[in-house]
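Fold and geometry: a report
Residues per chain are reported as follows:
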Amino acid sequence: MARMKFLCDAERCIECNGCVTACKNEHEVPWGINRRRVVTINDGQEGAEKSMSVACMHCSDAPCMAVCPVDCFYKTDDGVVLHDKDLCIGCGYCFYACPFGAPQFPASNASAPDGRSTDWFGARGKMDKCTFCAGGPEENGSEEEFAKYGRNRLSEGKLPVCAEMCSTKALLGGDGDVLADIYRERVTVRGKGSEVWGWGTAYGKPERQSDASPAGKKTEQAS
Amino acid sequence: MKRLSCLIAVVLVAGIQSGCGEMPQDAPYQGGHYAGKPDTPNWQGEAFDGKRENWEREIKRRNKLQSEYTRPGGA
């Protein structure tokens, strides 16, 4: 069973915002809602500037699920954290609980792709967030699902559009184990990065040979 | 008068001592249960003949395409 995760390689991200644009376009996200955004630190400082694409990280132990007073969150078998907008009361607790600022609330006068107002509840509206392109609790691929949650690419056998569109493949999305294999391979080839604290715990030597390793090329695994 | 003083003293002592007691203030965490509509698994569609293995195979194939080292013509 896959554990769906995102991984952003800060060494590769060039702050092109292609992931943000792809997400906006794919799901026809209204103004004022940013399911994904690119964060840059040390902006303008030569050699120290780093960018990273951030959205809902589909936490294994999601704090949004813990604080929701109406229990509108659920986790799919593949580890994707989704929510039922029909149940959401727009209280904003999830926004305060989320360490990534993923939950978004529509601005006033925002509208769904079909033109309906999304000011469903007071000034805050229903919460909206990254769905890992997995839609929500409506019929897969239906118009209703698209209007409320955006396109359901996972049910089409595709990965999130932000990751698949990333030009430098800085942003990876999919099964966490495969992503870890890909990242480990990159760092090994790069020759730097495995010295950081916590590397061994997160990306230590795999028990099996990486599926992402170059065919016929045995590389030394980072310790 | 003496009786009233004693009564006041008893009430005061009881009142002051009651402030020394402490009730547990930590609310026990109770994990909620999803209360919304059930969702259909992604693999339950015509595209994958309703078989989870077919869907997982396709997702795994896409997953691996994200590595330049394994893509045809990759580094």
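The rules we used
Residues numbered from 1 in each chain as written. Chains lettered and ligands numbered in written order. Predicted model: local features only at pLDDT ≥ 70, side-chain atom pairs only at ≥ 80, totals over all residues. Helix = DSSP H or I, 4+ residues; strand = E, 2+ residues; numbered from the N terminus. Buried ≥ 20, exposed ≤ 12 C-beta atoms within 10 Å, placed from the backbone. Contact = placed C-beta atoms within 7 Å. Nonpolar A, V, L, I, M, F, W, Y, C, P; charged D, E, K, R; others polar. Core = buried A, V, L, I, M, F, W, Y, C linked by C-beta atoms within 7 Å. Arc of directions from axis to C-beta. pLDDT = per-residue confidence, 0-100. Pairing = 2+ DSSP bridges.

**What to know about the overall build of chain A**
Helices and strands together make up the secondary structure of chain A, namely 7 helices and 6 strands. Along the chain direction, N to C, the helices and strands of chain A fall in the order β-α-β-β-α-β-β-α-α-α-β-α-α. For chain A, buried positions account for 40% of its 223 residues. Taking the contacts inside chain A whose residues are at least 6 apart along the sequence as the reference set, 57% of them involve residues at least 24 apart.

**Quick word on the overall build of chain B**
Tallying secondary structure elements over chain B gives 2 helices and 0 strands in all. Per-residue burial for chain B yields a buried fraction of 11% across its 75 residues.

**Describing the interface of chain B and chain A**
Listed by partner, the interface residues are 27 residues for chain B and 36 residues for chain A. By residue class, the composition of the side of chain B that touches chain A is 9 nonpolar, 10 polar and 8 charged.

**A word on the nonpolar core**
Counting residues in hydrophobic clusters, the biggest one holds 44 residues, and the most contacted among them are A:Phe73, A:Val81, A:Phe132, A:Cys162, A:Ala163 and A:Leu171. Setting aside its immediate chain neighbours within four residues, A:Leu171 contacts A:Phe6, A:Cys8, A:Cys19, A:Ser53, A:Cys162, A:Ala163 and A:Cys166.

**Remarks on unusual backbone geometry**
Residues and elements named next belong to chain A. Although it is not a glycine, Glu15 adopts a positive phi angle of roughly 60°. Take Glu15: it is sitting in the loop between β1 (4–8) and α1 (18–27). Although it is not a glycine, Asp71 sits at a positive phi angle of roughly 50°. Along the polypeptide, Asp71 turns up in the loop between α2 (63–67) and β4 (73–75). In this structure Asp71 comes out as partly exposed when scored by C-beta crowding, with 16 C-beta atoms within 10 Å.

**Some words on α1(A)**
Since the α-helix turns once every 3.6 residues, residues separated by three or four places project in the same direction. All names here are of chain A. Every buried residue belonging to α1 is among Cys19, Cys23 and His27, and all of these are buried. For α1, the angular spread of the buried residues around the axis is 40°, confining them to a single face. Looking at the buried positions of α1, the neighbouring elements they touch are β3 (50–54), α5 (161–165) and β6 (171–175). Downstream of α1 by one or two residues, Glu28 has phi in the positive range, about 50°.

**A closer look at the confidence of the model for chain A**
In this model, chain A carries an average pLDDT of 86, and 83% of its residues clear a pLDDT of 70 or more. Considering only residues more than four positions removed or in separate chains, one finds that residues 213–223 of chain A, a stretch of pLDDT under 50, has 19 contacts.

**Observations concerning the environment of A:Leu154**
On the secondary structure map, A:Leu154 appears in the loop between α4 (143–149) and α5. Accessibility expressed as a C-beta count within 10 Å gives 25 for A:Leu154, which makes it buried. Residues A:Leu154 and A:Gly191, 37 residues apart in the sequence, show an inter-C-alpha distance of 34 Å. When neighbours within four sequence positions are excluded, A:Leu154 is seen to be in contact with A:Phe132, A:Cys133, A:Ala134 and B:Asn42.

**Some points on the pairing of β1(A)**
Residue and element names in this part refer to chain A. Of all the 5 residues making up β1, 4 are buried; the element is thus mostly covered by neighbouring parts of the structure. In terms of strand pairing, β1 meets β6 through 5 bridges, oriented antiparallel. Paired with Phe6 across the two strands is Gly173, which belongs to β6.

**Comments concerning the confidence of the model for chain B**
On average, residues of chain B carry a pLDDT of 85, and 88% of them reach 70 or more. As scored by the predictor, the complex reaches a pTM of 0.79 and an ipTM of 0.79.

**Examining the environment of A:Arg186**
Examined against the element boundaries, A:Arg186 turns out to sit in helix α6 (residues 176–190). The partly exposed category is assigned to A:Arg186, around which 19 C-beta atoms lie within 10 Å.

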